[in-house]
Amino acid sequence: MSSSDSPAEPPGEIDRALLAALARDGRASYTELAERVGLSVSAVHQRVRRLEQRGLITGYKATLDAAALGVGLIAFVAITPIDVARAEEAPGKLAHLAAIEACHSVAGEESYVLKVRVPTTEALEQLLRDIRTLANVSTRTTVVLSTVFEDRPPI
């Protein structure tokens, strides 16, 4: 990999357009992408492969309807370890809980903020008990009433 292909180098205008198009529709064909950015199909294929190799595209995924799957209640749970010397152990102790969608290490009073999805407030209550017990933490929870937008691409 040459220095011009390093992941730290920001993508050019055409690559940004490709990345934005793929972020909106990861299943877009090379033909559709070529039409959107004004390049040949083979040029788009090469650019996408290069973007993957540089680590700018890290994968493709399906977006699921959480409400239709029965886990429409979202909450953010800030956790603070009871024993601050063992704060880094919390994520490992909680990783097996499927209701935890994301775990972010944060600056501030809390050590981590978890994004969780559950079917009901009762399930949230049980999850909070599990989190407190398993990781020996205190929690502060914010329930999401509605989502205006999320999963915006960083471009």
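Residues numbered from 1 in each chain as written. Predicted model: local features only at pLDDT ≥ 70, side-chain atom pairs only at ≥ 80, totals over all residues. Heavy atoms only, no water.

Trainee: Teacher, can you tell me more about the packing of aromatic side chains here?
Mentor: Tallied over the full model, the rule gives 0 aromatic pairs. Note that R152 overlies the ring of F149, its terminal NZ or CZ placed 4.2 Å from the centroid. (Phe/Tyr/Trp six-rings, centres within 6.5 Å; stacked < 30°, edge-to-face > 60°. Lys NZ or Arg CZ within 6 Å of the ring centre and 35° of its normal.)

Trainee: Can you walk me through helix α1 (residues 13-24) in this structure?
Mentor: Three or four residues apart is the spacing at which side chains of an α-helix point the same way, because the helix has 3.6 residues per turn. A rise of 1.5 Å per residue sets the reference length of α1, with its 12 residues, at 16 Å; its end C-alpha atoms lie 17 Å apart and thus fit the reference within 8%. D15, L18, L19, A20, A21 and L22 are the residues of α1 that are buried. Buried-residue contacts for α1 involve α2 (30-37) and α3 (41-53). (Helix = DSSP H or I, 4+ residues; strand = E, 2+ residues; numbered from the N terminus. Expected span 1.5 Å × (residues − 1). Buried < 20%, exposed > 50% of the residue type's maximum accessible area, 1.4 Å probe, protein only. Contact = heavy atoms within 4.5 Å.)

Trainee: What is the right way to look at unusual backbone geometry in this model?
Mentor: Across the chain, the bulk of peptide bonds are trans and the bulk of non-glycine residues have phi less than zero. Despite not being glycine, N136 shows a phi value in the positive range, around 55°. As for its placement among the helices and strands, N136 is situated in the loop between α5 (121-135) and β4 (137-143). One non-glycine residue with positive phi stands out, namely D151, at about 55°. Position of D151 among the secondary structure elements: in the segment after β4. Taking the relative accessible area as the measure of exposure, D151 reaches 61% and is therefore exposed.

Trainee: In this structure, what is going on with the nonpolar core? I would like to understand it.
Mentor: For soluble globular proteins, the rule of thumb is that nonpolar side chains tend to be buried together. Core analysis: the biggest nonpolar cluster contains 18 residues, and I79, L94, I100, L114, V116, L124 and I131 have the highest contact counts within it. Only β1 (73-81), α4 (90-94), β3 (112-118) and α5 provide two or more residues apiece to this core. No other element matches the 5 residues that α5 contributes to this core. Apart from the residues lying within four places of it in its own chain, the contact partners of L114 are A75, F76, V77, I79, L94, I100, A102, C103 and I131. By size, the runner-up hydrophobic cluster in this structure holds 12 residues, among which are L18, V37, V48 and I57. (Core = buried A, V, L, I, M, F, W, Y, C linked by side-chain atoms within 4.5 Å.)

Trainee: Explanation requested: the pattern of salt bridges in the structure shown.
Mentor: If charged atoms from side chains of opposite charge come close, those side chains can pair. A complete count under the given rule lists 8 salt bridges for this structure. The partner of E89 in a salt bridge is K93, with the nearest N and O atoms 3.3 Å apart. K93 sits in the partly exposed class, given a relative accessible area of 34%. One salt bridge in this structure joins R117 and E101, with 2.4 Å as the shortest N-O distance. With a gap of 16 residues between them, R117 in strand β3 and E101 in strand β2 (residues 100-105) connect regions that are remote in the sequence. Beyond isolated ion pairs, a larger network of salt bridges with shared partners links E101, K115, R117 and E150. (Salt bridge = Lys/Arg side-chain N within 4 Å of Asp/Glu carboxyl O.)

Trainee: Got a minute to help me understand the side chain of D15 in this structure?
Mentor: Along the chain, D15 turns up in helix α1. Beyond its immediate stretch of four places on either side in the chain, D15 contacts R47, R50, L51 and R54.

Trainee: Mind showing me how you'd approach α2 here?
Mentor: Inspection of α2 places L33, A34 and V37 among the buried residues, and these make up the whole buried set. Burial along α2 is one-sided: seen end-on, the buried residues are contained in an arc of 100°. Tucked inside the fold, the buried residues of α2 contact α1 and α3. Of the residues flanking the end of α2, it is G38, one or two places downstream, whose phi is positive at about 75°. (Arc of directions from axis to C-beta.)

Trainee: Is there a simple way to think about the pairing of β3 in this case?
Mentor: Within a regular beta strand, the side chains point alternately toward one face of the sheet and then the other, so they alternate between its two faces. With 6 of its 7 residues buried, β3 lies for the most part within the structure. In this structure, β1 lies alongside β3, joined through 7 bridges in antiparallel fashion. Of the residues in β3, the one forming a bridge with A78 is V113. In terms of strand pairing, β2 meets β3 through 5 bridges, oriented antiparallel. Opposite S105, over in β3, you have Y112 as the bridge partner. Adjacent in sequence and paired antiparallel, β2 and β3 are bridged by 6 residues, among which G108 carries a positive phi angle near 120°. (Pairing = 2+ DSSP bridges.)

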